[in-house]
Protein chains: 2
Amino acid sequence: MKFLHTADWHIGKELGAFSLLSEQWNAFQQVVAIAEDEAVDGIIIAGDLYDRGIPPLNAVEAFEQMARIMNLEHHWPIYAVSGNHDGAVRLGAGREWRETTAFFIHTTLAEAFEPVELPDMQIFMLPFLDPLDARIYYQMSDEESRDYTSIEAVMARIIPDLVAKFKPGKHHILVTHYNVIGTGNIGYELTSETNSQVGGLKGVPASLFADFDYVALGHIHLRQASPTDTIRYAGSPVKFNTKEAQAEKGVYIVEVGDTVTVKWRPIQPVKDLIVIKGTFSEITAPAFYEQYAREGANWFSISLTDFPDVRNARGILTTIYGDIVEVNYVGQNAQLGNVVQSELVDGTLSDQEIISHFYETVAEKPLSAEQVQLVEMMLTDIGRGV
Amino acid sequence: MKFLHTADWHIGKELGAFSLLSEQWNAFQQVVAIAEDEAVDGIIIAGDLYDRGIPPLNAVEAFEQMARIMNLEHHWPIYAVSGNHDGAVRLGAGREWRETTAFFIHTTLAEAFEPVELPDMQIFMLPFLDPLDARIYYQMSDEESRDYTSIEAVMARIIPDLVAKFKPGKHHILVTHYNVIGTGNIGYELTSETNSQVGGLKGVPASLFADFDYVALGHIHLRQASPTDTIRYAGSPVKFNTKEAQAEKGVYIVEVGDTVTVKWRPIQPVKDLIVIKGTFSEITAPAFYEQYAREGANWFSISLTDFPDVRNARGILTTIYGDIVEVNYVGQNAQLGNVVQSELVDGTLSDQEIISHFYETVAEKPLSAEQVQLVEMMLTDIGRGV
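Starting from 1, residues in each chain are numbered consecutively following that chain's sequence as written. As they are written, the chains are lettered A onward and the ligands numbered 1 onward, keeping that order. Local features are withheld for residues below a pLDDT of 70 in this predicted model, meaning they are given only at 70 or higher, and side-chain atom pairs are given and counted only at 80 or more; totals for whole chains, interfaces and linings count all residues. The basis for every side-chain value is the complete set of non-hydrogen atoms in the structure, without hydrogens or water.

Student: Where do I start with the pattern of salt bridges in this structure?
Tutor: Where charged atoms of side chains with opposite charge meet at close range, the side chains can pair. Residues and elements named next belong to chain A. One side-chain nitrogen of Lys or Arg within 4 Å of one carboxyl oxygen of Asp or Glu is enough to make a salt bridge. With the rule as written, the count across this model stands at 32 salt bridges over all chains. Linking Lys2 and Glu38 is a salt bridge whose minimum nitrogen-to-oxygen distance equals 3.0 Å. Pair noted here: Lys2 is in strand S1 (residues 2-6) and Glu38 is in helix H1 (residues 21-38), with a separation of 36 residues, a long-range link. Neither residue differs from the other here; Lys2 and Glu38 are each classed as buried. We note a salt bridge from Glu117 to Lys167, for which the minimum N-O separation is 3.4 Å. With Glu117 in strand S7 (residues 116-118) and Lys167 in the loop between helix H8 (151-163) and strand S9 (171-177), the pair connects residues that are 50 residues apart, well separated along the chain. Residue class for Lys167 comes out partly exposed when judged on its relative accessible area of 39%. Connected via shared salt-bridge partners are Lys2, Asp37, Glu38, Lys263 and Arg265. Only DSSP runs of H or I with at least four residues qualify as helices, and only runs of E with at least two residues qualify as strands; both kinds are numbered from the N terminus onward. Accessibility here uses a 1.4 Å probe with only protein chains present; expressed as a share of the type maximum, an area under 20% marks a residue as buried, one over 50% as exposed, and anything in between as partly exposed.

Student: Is there a simple way to think about unusual backbone geometry in this case?
Tutor: With glycine set apart, most residues show a phi of negative sign, and most peptide bonds adopt trans. Phi is positive for A:His75, close to 60 degrees, though the residue is something other than glycine. By relative accessible area, which is 61% here, A:His75 ends up exposed. Positive phi, normally seen in glycine, also occurs at B:Gln139, with a value near 50 degrees. Along the polypeptide, B:Gln139 turns up in the loop between helix H6 (131-137) and helix H7 (142-145).

Student: I tried to follow the sheet that holds strand S16 (residues 272-278) of chain B on my own but got confused; where do I start?
Tutor: Within a sheet, adjacent strands bond to each other through the backbone by hydrogen bonds, running parallel or antiparallel. Residue and element names in this part refer to chain B. Strands were regarded as paired on the criterion that DSSP finds at least two bridges between them. Judged by pairing direction, the sheet is parallel, and its three strands sit side by side in the order S16-S17-S18 without closing on themselves. A strand with exactly one partner marks an edge of an open sheet, and here the two such strands are S16 and strand S18 (323-329). Taken over all neighbouring pairs, the strand axes of this sheet differ in orientation by 15 degrees on average, direction set aside. As defined by bridge partners, S16 adjoins strand S17 (residues 298-304) across seven bridges and the pair is classed as parallel. For Gly278, the partnering residue across the bridge sits in S17 and is Leu304. Lines fitted to the C-alpha atoms define the axes, with helices restricted to the stretch that makes contact. Angles between their N-to-C directions range from 0 to 180 degrees.

Student: Sorry, what's going on with the confidence of the model for chain A here?
Tutor: The predicted structure's coordinates, where accompanied by low pLDDT, should not be read in detail. All names here are of chain A. Note: pLDDT gives the predictor's confidence per residue, expressed from 0 to 100. For chain A, mean pLDDT is 88; residues scoring 70 or higher make up 88% of the total. Here a residue-residue contact requires only that any non-hydrogen atoms of the pair lie within 4.5 Å. A low-confidence stretch, residues 185-201 (pLDDT under 50), is modelled with 32 contacts involving residues beyond four sequence positions or located in other chains. The low-confidence segment residues 333-343 (pLDDT under 50) makes nine contacts with residues lying over four places distant or belonging to another chain.

Student: It is not clear to me how the packing of H1(A) against helix H2 (residues 57-73) of chain A should be interpreted in this structure. Could you clarify?
Tutor: Residues and elements named next belong to chain A. Put simply, H1 and H2 touch, their axes get as near as 11 Å, and they point 10 degrees apart. Between H1 and H2, the angle falls in the class roughly parallel. Judged by residue contacts, Leu21, Gln24, Trp25, Phe28 and Val32 of H1 engage Asn58, Ala62, Gln65, Met66, Ile69 and Met70 from H2. Throughout, the term roughly parallel applies to angles under 35 degrees, roughly antiparallel to angles over 145, roughly perpendicular to angles from 65 to 115, and oblique to all others.

Student: I would appreciate a short explanation of the interface of chain B and chain A in the present structure.
Tutor: A common way to report how large an interface is uses the accessible area buried once the components associate. Each partner contributes to the interface: chain B provides 23 residues, whereas chain A provides 23 residues. Note on definitions: buried area is the accessible-area loss of two parts on being combined, 1.4 Å probe, summed for both. For the pairing of chain B and chain A, the buried interface totals around 2,000 Å² over both sides, and the portion due to carbon and sulfur atoms is 69%. One can count two salt bridges joining chain B with chain A. The salt bridge involving A:Arg68 is made with B:Glu96; its shortest N-O contact spans 2.7 Å. Counted as a polar contact is a pair of N or O atoms within 3.5 Å, where, for protein atoms, one must be capable of donating a hydrogen and the other of accepting one, and residues adjacent in sequence contribute only when both atoms are in side chains. The interface formed by chain B and chain A contains eleven residue pairs in polar contact (both at pLDDT 80 or more). Looking at the side of chain B that touches chain A, the elements that each hand over two or more residues are helix H2 (57-73), helix H3 (88-92) and helix H4 (95-98) of chain B. For the side of chain B that touches chain A, the element with the most residues is H2(B), which contributes eight residues. Side-chain classes follow a simple rule in which Ala, Val, Leu, Ile, Met, Phe, Trp, Tyr, Cys and Pro form the nonpolar group, Asp, Glu, Lys and Arg form the charged group, and the remainder, Gly included, forms the polar group. Within the side of chain B that touches chain A, the residues separate by chemical class into twelve nonpolar, five polar and six charged.

Student: What exactly am I supposed to notice about the relation of the copies chain B and chain A here?
Tutor: Comparison of the two chain copies shows a relationship of rotation about an axis with a shift along it. Placing chain B over chain A gives an RMSD of 0.1 Å and needs a rotation angle of 180 degrees, together with 0.0 Å of translation along the axis. Between the two chains, the operation in question is that of a two-fold axis. Relative to the rotation axis, the closest C-alpha in chain B is found at B:Trp97, a distance of 2.6 Å. Of all interface residues in chain B, 100% are interface residues in chain A too; the two copies therefore contact each other through one and the same surface. Copy-to-copy superposition: least squares on the C-alpha atoms, limited to residues that have pLDDT of at least 70 in both copies.

Student: I'm lost on the sheet that holds strand S1 (residues 2-6) of chain B in this one. Help?
Tutor: All names here are of chain B. The six strands lie next to each other as S6-S5-S4-S1-S14-S15, forming an open sheet whose pairing is mixed. Each edge of the sheet is formed by a strand with only one pairing partner; in this case those strands are strand S6 (103-106) and strand S15 (260-267). Strand-to-strand twist of the sheet, defined as the mean angle between neighbouring strand axes without regard to direction, takes the value 20 degrees. The pairing of strand S14 (residues 249-256) with S15 spans eight bridges and is classified as antiparallel. The residue of S15 that forms the bridge with Val251 is Arg265. Relative to the sheet, helix H1 (residues 21-38) contacts S1, strand S4 (42-45), S14 and S15, its axis offset from that of S15 by approximately 140 degrees.

Student: Help me understand the packing of aromatic side chains, please; the structure alone is not making it clear to me.
Tutor: Aromatic rings in a pair are described by how distant their centres are and how their planes are angled relative to each other. In this scheme Phe, Tyr and Trp rings, the latter by its six-membered ring, pair at centre separations within 6.5 Å, and the angle between planes marks the pair as stacked below 30 degrees, edge-to-face above 60, and tilted otherwise. Tallying each qualifying case throughout the model produces 34 aromatic pairs over all chains. With a centroid separation of 5.6 Å and 90 degrees between ring planes, the pair formed by A:Trp25 and A:Phe28 is classed as edge-to-face. Of this pair, A:Trp25 and A:Phe28 both sit in helix H1, separated by three residues, roughly a single helical turn. A:Trp25 sits in the partly exposed class, given a relative accessible area of 22%. Residue class for A:Phe28 comes out buried when judged on its relative accessible area of 3%. An angle of 70 degrees between the planes, with centres 6.1 Å apart, marks the rings of B:Tyr289 and B:Tyr321 as edge-to-face.

Student: Would you mind showing me how to read the nonpolar core here?
Tutor: As a rule of thumb, nonpolar side chains are buried together in soluble globular proteins. A:Leu4 and B:Leu4 are the most contacted members of the largest nonpolar core, which totals 84 residues. By convention a nonpolar core is built from buried Ala, Val, Leu, Ile, Met, Phe, Trp, Tyr and Cys residues, the set being connected through side-chain atoms within 4.5 Å. Listed in part, the 33 residues of the second largest apolar core include A:Leu109, A:Ala112, A:Tyr148 and A:Val154.

Student: I tried to follow empty space enclosed by the protein on my own but got confused; where do I start?
Tutor: Empty pockets left among the atoms are what a rolling probe the size of a water molecule brings to light. The way it works is a 1 Å grid over only the protein atoms, where trapped points that fit a 1.4 Å probe form a cavity and open points with protein on both sides within 12 Å along at least five of seven lines form a pocket, and then any residue with an atom within 4 Å of a point lines it. Grid points are joined across faces, edges and corners, and a volume is the space filled by probe spheres set on the points. All told, the structure shown has nine cavities of 30 Å³ or more when counted by the stated rule. Approximately 430 Å³ is the volume found for the largest cavity. In terms of lining residues, the largest cavity is bounded by 30 residues, among which A:Arg90, A:Leu91, A:Ala93, B:Arg90 and B:Ala93 are the most central. Elements with a minimum of two residues in the lining of the largest cavity: H2, helix H3 (88-92) and strand S6 (103-106) of chain A together with H2, H3 and S6 of chain B. Considering only residue class, the lining of the largest cavity consists of 16 nonpolar, four polar and ten charged.

Student: Mind showing me how you'd approach the pairing of S14(B) here?
Tutor: One face of the sheet, then the other: side chains in a regular strand alternate in exactly this way. All names here are of chain B. Counting buried positions along S14 yields seven of eight residues, so the element is predominantly enclosed. One ladder, built from four bridges, connects S1 with S14; its direction is antiparallel. From the neighbouring strand, Lys2 faces S14, where its bridge partner is Glu255. In this antiparallel pair of consecutive strands, S14 and S15, the connection spans three residues.

Student: How should H8(A) be read in this particular structure?
Tutor: An α-helix turns once every 3.6 residues. As a result, residues three or four positions apart point the same way. Residues and elements named next belong to chain A. How far a helix is expected to stretch is found by multiplying one less than its residue total by 1.5 Å. Its 13 residues give H8 an end-to-end C-alpha distance of 18 Å, which sits within 8% of 18 Å, the value for a rise of 1.5 Å per residue. Every buried residue of H8 is listed here: Ile151, Glu152, Val154, Met155, Ile158, Ile159, Leu162 and Val163. Down the axis, H8 shows its buried residues gathered within 150 degrees of arc, on one side only. Here, the arc refers to the directions that run from the helix axis to the C-beta atoms.

Student: So what exactly am I meant to see when it comes to the pairing of strand S17 (residues 298-304) of chain A here?
Tutor: Residue and element names in this part refer to chain A. Taking burial as the measure, the seven residues of S17 include seven buried ones, the bulk of the element. Where burial is concerned, the two faces of S17 agree: the one with Asn298, Phe300, Ile302 and Leu304 and the one with Trp299, Ser301 and Ser303 are both buried. Relative to strand S18 (residues 323-329), S17 is paired through six bridges, and the arrangement is parallel. When the bridges of S18 are listed, Ile302 appears paired with Val327.

Right, dumping it as structure tokens:
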């Protein structure tokens, strides 16, 4: 069986002040072309289909149209879970009817225990959960609940229960949406920078998933974070912030049989996200900026290493570069950095990054691990529209 | 063919501070029992399935469960449209998949022109529209658009286009959600009170629908507003405000063949809405209040004809009566009425009624017809989550 593995579409997301919808449509069309070219047996979307629990109307219209194209026109089965950005209840509405054409979308823990049964394969779909969801599902007493306050503890209970559902002689795939930590990584050394997106949270150990033939992950937007060769993040198909600017985006083609083979298929952006760093006079020099296609051809993230002695620096930069998603000040003068704090908060950083940044500025120390976890829980609740 | 005709479920609505969900579940179970008893061929829900464009999560869960019971367990086809309270885009999400089991829900004008084709019948479903939707659908020029600013003008264009789709030799049903005005009414004289719910708006003339065998309407919550014997409002299955307190709620069973027969099947509330009027001393006398089942057995709307000389009159009344949805002051002292204006605004009046009431208090004259129309348009936009 051959699958296309993608994740983290975040339909409805904005980059700075700009809608990413046309970029997301472009990526989607390449996903369709790749799926056709590879003649896949199904499409896996490992969570965060939408960017938030109550997506804007044009995001709903876009995803519905994409689903029609994949499932009703091309007749590809879809295997999807809700991620931490999705509103599980709203996304799951109509689930039973979608299944009539093999569009599977699991948004509750109970559904994770009902794998899709193919002749030679079981496909388990485990959505992003709050530990509370698991405590309710398992009808835990207050006393027992005390041992299940973290995602890691909850997953250590759930995964063996999924494995207990394995039918012998079949292959087993898991689709899920968590921060999974391996002992190594594939191809790239994970730097603290690429890893900072998951905050200081502990992750679910990859060893928990050893019994599955392939684990299709979502949550981390860079495939370089994949814990092992068969436990992979496909990453997002579109660049969402400057940390992802250098990364190649794409999807995995996964063939699961007695062996598992994984192939990377890149996706080309229409407009790329270009990160520029320098003094104001350097980057406003024609010899410098003329090297880039501008005027709507690309998005620019600009880091100024000095504080320019002009009024409306951003206006001047916009005239030159066109679509500027952010202007940062990275000079050594910390005070100037504080002055332009608000410039950071324009949508290119994750909410968690903004809160961490703010806390560090005010408290002059980073968030503790407990604080990071608290922030993550609160953001999750907000994102799900609870 | 035999249909159950219902409308205006408003799932998620509250009565005063009280959720109506348990009352709505009770009504739903009676709808199911009636549909079983009558062995109907389908269930018509003529709009306002939800109370607002972005319904709360428990409302989404409730309606999904109701839809599963009707369509997946009992295998009744469902013929539904979105009403002015529904968010058309969100409600329509997944529509194509729902249709695989004959759960039809139309939320756009384009869909209205695609009737469900049964061997001897065409069922047209025309959702509530903004005139703008029609101008876009018909690709009207700016000049032409000037003639289509009202629902009445738009409907005069749409309905003949629907009739043009009629296949001869078949019966024709329309499901829609508007204020339709007949030359007479059935059974009851419409008082200005029961009619005030539609504001001062002109309605769509019933004569427009003369070519249909049966028109299943939603929008007005009282079946007594039905314009003719075959153009009917089923009304809401639950009482939503004091104007509906005296009305019997229920559904219509409609048999459409060479003749059309319509039968009323009432629905019994669990908790009734009881309207009480009197002086404070009258209605706090045991001999008076002991005639009513209280302490959660009923909802009470209380109109005081004097201004009681006690602190916390509402608290005293709540101790006696239990679930009080509103306390009005209807004494002759207008000043006192003004003092307690805020008491009116607790959810039992429609938004339009609250605005009209407020305007009259401030401006000392009623809203003009144009103002009523403007308010209706704004409320519609808000309700749809635009």
